[in-house]
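For reference, the chains in residue letters:
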Amino acid sequence: MRQKYWSTEEELRPLFPIFGLFGLSSLAITYVTSRLFSNASYGFVSLTIFFLLTGTTLFKLISILMFPILNLIEIANQLKEVFLIFPHYALAYSLYNVNNFRISNEVCLLNLSRLQKMSKNGTTDIGCNAIKCDGNIYDWDEPGIGRSLTYMTLIAVIFITILWIIEYRIIPIIFHHFAGLTQNVPPLLVTNTIDSNVINEKIKVNAMTSTDLKSNNLVLRNLSKYYGQFKAVNGISVAVKRQECFGLLGVNGAGKTTTFKMITGDTSISSGDAFINGMNLKKDLDEVHKLIGYCPQFDALLDNLTGTQTLEIFGLLRGYRRKDISAMSDRLAERLNFTKHIDKVIKSYSGGNKRKLSTAIALMGTPSVVYLDEPSSGMDPGSKKNLWDFVSQVRNSGTSIVLTSHSMEECEALCNRIAIMVNGEFKCLGSAQHLKSQFSKGFILTIKIRLSEDQIERSEQISRINYFIHDQFPGAYLKEQYQGLLTFYLPHTSELKWSTLFDYMENVKRELGVEDYTISQTTLEQVFLSFARTHYKRCQNISQQPKTP
């Protein structure tokens, strides 16, 4: 059964601009206000309640105030002007006026017909001439909908403009334009807690010209990030060349993920600059996005899509032709070893396969710079090795890679240079061997002895070796003893060198009954842990400080 006033094409025509402008304005408000919420569920519930209150509730309130017995019609008319800024109220107001317009028009035509019948000799009197039934539904005054359409248009324009300013970071760009590229950076003094390579890198980056910036795929210059009074990243500087993998190490909370968020454009830069192929990330974010790939720490995948569909979507975003995407997806899946899962929905993937898919998305399209935030987490050893080989191949093709990982083995396998980040700043910078040599805490000496069946003789042999090690290397101690293997820790001194260690051991090898021995340097993991202790001590000191009232 057709509803009166809402059935013919002419009657339904005004609904198109009403619902179109309502959708545009309400979506614009939703996009802008959603940035105020960190939790999606909480934001959805809050916005739903807000729209209910500003729609049905306000419309009912105005309807009550319009009762003549309350004598509040003038106040109600003033409130209408205010409430029209809410799209849901404007929608209800528009639909109400459309219905009123049809009723008024019908009543007008009936009255006109009656007056014509009452007139004598077919002539129309003055009263009949005064009645006009040709009103426009888009009039400004009631029952026209021109006012509500205008308000929804203005709200849509205002909030779309705000969203555009936020998304394209117009305010930071303007600020950066007037502030200029030069910044007064306080000199960083060389201390015992900061490697000299960090200082030299900062000096080199600050002295770079525009030509130098273009010759490096990625340059960070005095990059800092503040959250209120808390400084998450403190003036880091580094230049990453082509065919280089740069490792960024640090404990949780050191500032690694915040750094990634800044150099991907996900969050604003408080101070400093980031350059991709010479383009400033603050001013040319759209162009920069075309040159980077990003594998986030937590997989940002759509669970109900398959791997093939996901790679196709990102391939189209990268500008690939649809006919070329299938071959590229198959190649990436084969190189990262998840071909047999590529046509399955992502929610059925294991954690390791999700990381492989996220890495494939990051490496798609031969970007100039690829950011990999713990790409191998959740992978089995075989998949890790396969990933390392592929990343090395991509690096050797000319791409710069920035890698964070808690696997020291991964960093040593992939990274040309490594920086250890503590409390938002670089404490050391260089190759893995440089870090081990510069911050080595000593050597590990493992001795294998010929076991004697006589326990007394065996104990005497171990005692002789203990005495020799403690006599020749003051401060050394026995870390472990098991099945004829003795592991000693030798503290690092300026006189203690590799040649000295081997010379001592070769001279006494037969005398002490040593069957074999190995000498190893402090591992990268031990260097990392020594810096991690600094972070934890600082956090502990802050937590123990008395809080001011």
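Residues numbered from 1 in each chain as written. Predicted model: local features only at pLDDT ≥ 70, side-chain atom pairs only at ≥ 80, totals over all residues. Heavy atoms only, no water.

Undergrad: Explain the overall build of the chain to me, using residue names and the numbers behind them.
TA: Regarding its fold elements, the chain presents 21 helices and 14 strands. Counting across all 549 residues of the chain, residues that qualify as buried make up 43%. Taking contacts inside the chain between residues at least 6 apart in sequence as the whole, the part at least 24 apart equals 68%. For the chain, the exposed surface amounts to about 31,000 Å²; the carbon and sulfur share of it is 56%. (Helix = DSSP H or I, 4+ residues; strand = E, 2+ residues; numbered from the N terminus. Buried < 20%, exposed > 50% of the residue type's maximum accessible area, 1.4 Å probe, protein only. Contact = heavy atoms within 4.5 Å. Areas by Shrake-Rupley, 256 points an atom, 1.4 Å probe, with all protein chains shown as cover.)

Undergrad: Go over empty space enclosed by the protein with me, naming the residues and quoting the values.
TA: A complete count under the given rule lists 2 cavities of 30 Å³ or more for this structure. Looking at the largest cavity, its volume works out to about 50 Å³. Taken together, Leu218, Leu220, Val238, Phe246, Leu248, Thr259, Ile263, Val402 and Phe426 form the lining of the largest cavity. Elements represented by at least two residues in the lining of the largest cavity include exactly strand S1 (218-227), strand S3 (245-249) and helix H11 (256-263). Each residue belonging to the lining of the largest cavity can be placed in one class, and the counts come to 8 nonpolar, 1 polar and no charged. (1 Å grid on protein atoms, 1.4 Å probe; cavity = no way out; pocket = protein on both sides within 12 Å on 5 of 7 lines; lining within 4 Å. Points joined across faces, edges and corners; volume = space filled by probe spheres on them. Nonpolar A, V, L, I, M, F, W, Y, C, P; charged D, E, K, R; others polar.)

Undergrad: Tell me about the sheet that holds strand S9 (residues 417-422), and please be specific about residues and values.
TA: With respect to topology, 6 strands assemble into an open sheet ordered S6-S7-S8-S3-S9-S10, the strand pairing being mixed. Whereas interior strands pair on both sides, the edge strands pair on one side only; in this sheet they are strand S6 (292-295) and strand S10 (425-430). Strand-to-strand twist in this sheet, taken as the mean axis angle between neighbours without regard to direction, amounts to 15°. Summarising the sheet, S9 and S10 pair through 5 bridges and their orientation is antiparallel. Considered in S10, the bridge of Ala419 is made with Leu429. Helix-sheet contacts for H11 involve S3, S6, strand S7 (369-373), strand S8 (400-404) and S9, and the interaxial angle to S7 is about 150°. (Pairing = 2+ DSSP bridges. Axes fitted to C-alpha atoms, helices over the stretch in contact; angles between N-to-C directions.)

Undergrad: Tell me about the pattern of salt bridges, and please be specific about residues and values.
TA: Throughout the structure, instances matching the rule amount to 14 salt bridges. Between Arg355 and Asp299 there is a salt bridge, and its shortest N-O distance comes to 2.8 Å. Taken together, the residues span a long stretch of sequence, with Arg355 in helix H15 (residues 351-363) and Asp299 in the loop between S6 and helix H13 (307-317) at a distance of 56 residues. Through salt bridges with shared partners, one network takes in Glu201, Lys204, Glu244 and Arg417. (Salt bridge = Lys/Arg side-chain N within 4 Å of Asp/Glu carboxyl O.)

Undergrad: Could you give an account of the packing of aromatic side chains, with specific residues and numbers?
TA: The tally for this structure, following the rule as stated, stands at 11 aromatic pairs. Between the aromatic rings of Phe502 and Tyr517, the centroid separation amounts to 6.2 Å while the plane-to-plane angle is 50°, which identifies the pairing as tilted. With Phe502 in helix H20 (residues 498-508) and Tyr517 in strand S14 (residues 514-521), the pair connects residues that are 15 residues apart, well separated along the chain. For Tyr517, a relative accessible area of 10% corresponds to the buried category. An aromatic cluster is built from Phe59, Phe83, Tyr89, Tyr93 and Tyr96, whose rings are joined through pairwise contacts. (Phe/Tyr/Trp six-rings, centres within 6.5 Å; stacked < 30°, edge-to-face > 60°.)

Undergrad: Which residues make up the sheet that holds strand S5 (residues 279-280), and what are the values?
TA: The antiparallel open sheet is built from 4 strands, whose spatial order is S2-S1-S4-S5. Two strands lie at the open edges of the sheet, namely strand S2 (230-240) and S5, each paired on one side alone. Looking at chain direction, S1 and strand S4 (residues 271-276) are connected through 5 bridges and run antiparallel. Each residue of the ladder has a partner; that of Ser224, found in S4, is Ser271. Against the sheet, helix H9 (residues 196-206) contacts S1 and S2, and its axis sits at roughly 75° relative to S2. Contacts from H11 reach S1, S2 and S4, with the element oriented near 115° to S1.

Undergrad: Let's hear about helix H4 (residues 73-83): which residues, and what values?
TA: Inspection of H4 places Ala76, Lys80 and Phe83 among the buried residues, and these make up the whole buried set. The buried residues of H4 occupy an angular sector of 75° when projected down its axis, which confines them to one face. (Arc of directions from axis to C-beta.)

Undergrad: Describe the pairing of S1, naming the residues involved and giving the relevant values.
TA: Across the 10 residues that make up S1, a large majority, 8, are buried. When S1 meets S2, the two strands line up antiparallel, connected through 7 bridges. The residue bridging Val219 from the neighbouring strand is Ala239, located in S2. Counting the residues between successive antiparallel strands, the hairpin from S1 to S2 contains 2 residues, one of them, Gly228, with a positive phi of roughly 70°.

Undergrad: Describe the packing of helix H2 (residues 15-34) against helix H7 (residues 146-167), and please don't skip the residues or the numbers.
TA: Two measures define how a pair of helices packs: the angle their axes make with one another and the distance between the axes. Packing of H2 against H7 leaves a shortest axis separation of 8 Å and a crossing angle of 30°. Regarding H2 and H7, the two cross each other, and that crossing is left-handed. On H7, the residues that touch Pro17, Ile18, Leu21, Phe22, Leu24, Ser25, Ala28, Ile29, Tyr31 and Val32 of H2 are Leu149, Met152, Thr153, Ile155, Ala156, Phe159, Ile160, Ile162 and Leu163. Here the residues of the contact of H2 with H7 sort into 17 nonpolar, 2 polar and no charged. (Left-handed = near helix turned anticlockwise from the far one by under 90°.)

Undergrad: Residues and numbers for the confidence of the model for the chain, please.
TA: This prediction gives the chain a mean pLDDT of 83; 87% of its residues lie at or above 70. The secondary-structure element of the chain with the lowest mean pLDDT is helix H6 (residues 126-130), recorded at 46, while H2 shows the highest, at 94. Per-residue pLDDT stays below 50 along residues 126-131; that stretch engages in 8 contacts with residues further than four places along the chain or on separate chains. Per-residue pLDDT stays below 50 along residues 180-192; that stretch engages in 12 contacts with residues further than four places along the chain or on separate chains. (pLDDT = per-residue confidence, 0-100.)

Undergrad: Explain the nonpolar core to me, and be specific about the residues and the numbers.
TA: Of all hydrophobic cores here, the largest spans 77 residues; its most connected members are Phe246, Tyr371, Ile420 and Phe426. Excluding its chain neighbours within four sequence positions, the residues that come into contact with Phe246 are Val238, Val240, Ile401, Val402, Leu403, Cys415, Arg417, Ala419, Phe426 and Leu429. Core analysis: the second largest hydrophobic core is formed by 21 residues, Ile465, Phe488, Leu501 and Ile519 among them. (Core = buried A, V, L, I, M, F, W, Y, C linked by side-chain atoms within 4.5 Å.)

Undergrad: Let's hear about the layout of surface pockets: which residues, and what values?
TA: Here the largest pocket is characterised by a volume of approximately 810 Å³. Elements that contribute at least two residues to the lining of the largest pocket include exactly H7, helix H12 (285-289), S6, H13 and H15. Split by residue class, the lining of the largest pocket holds 12 nonpolar, 5 polar and 8 charged.

Undergrad: Go over the environment of Phe528 with me, naming the residues and quoting the values.
TA: Secondary-structure assignment places Phe528 in helix H21 (residues 524-544). Overall, the relative accessible area of 11% leaves Phe528 in the buried class. Excluding anything up to four places from it in sequence, Phe528 contacts Leu249, Gly250, Val251, Met408 and Ile420.

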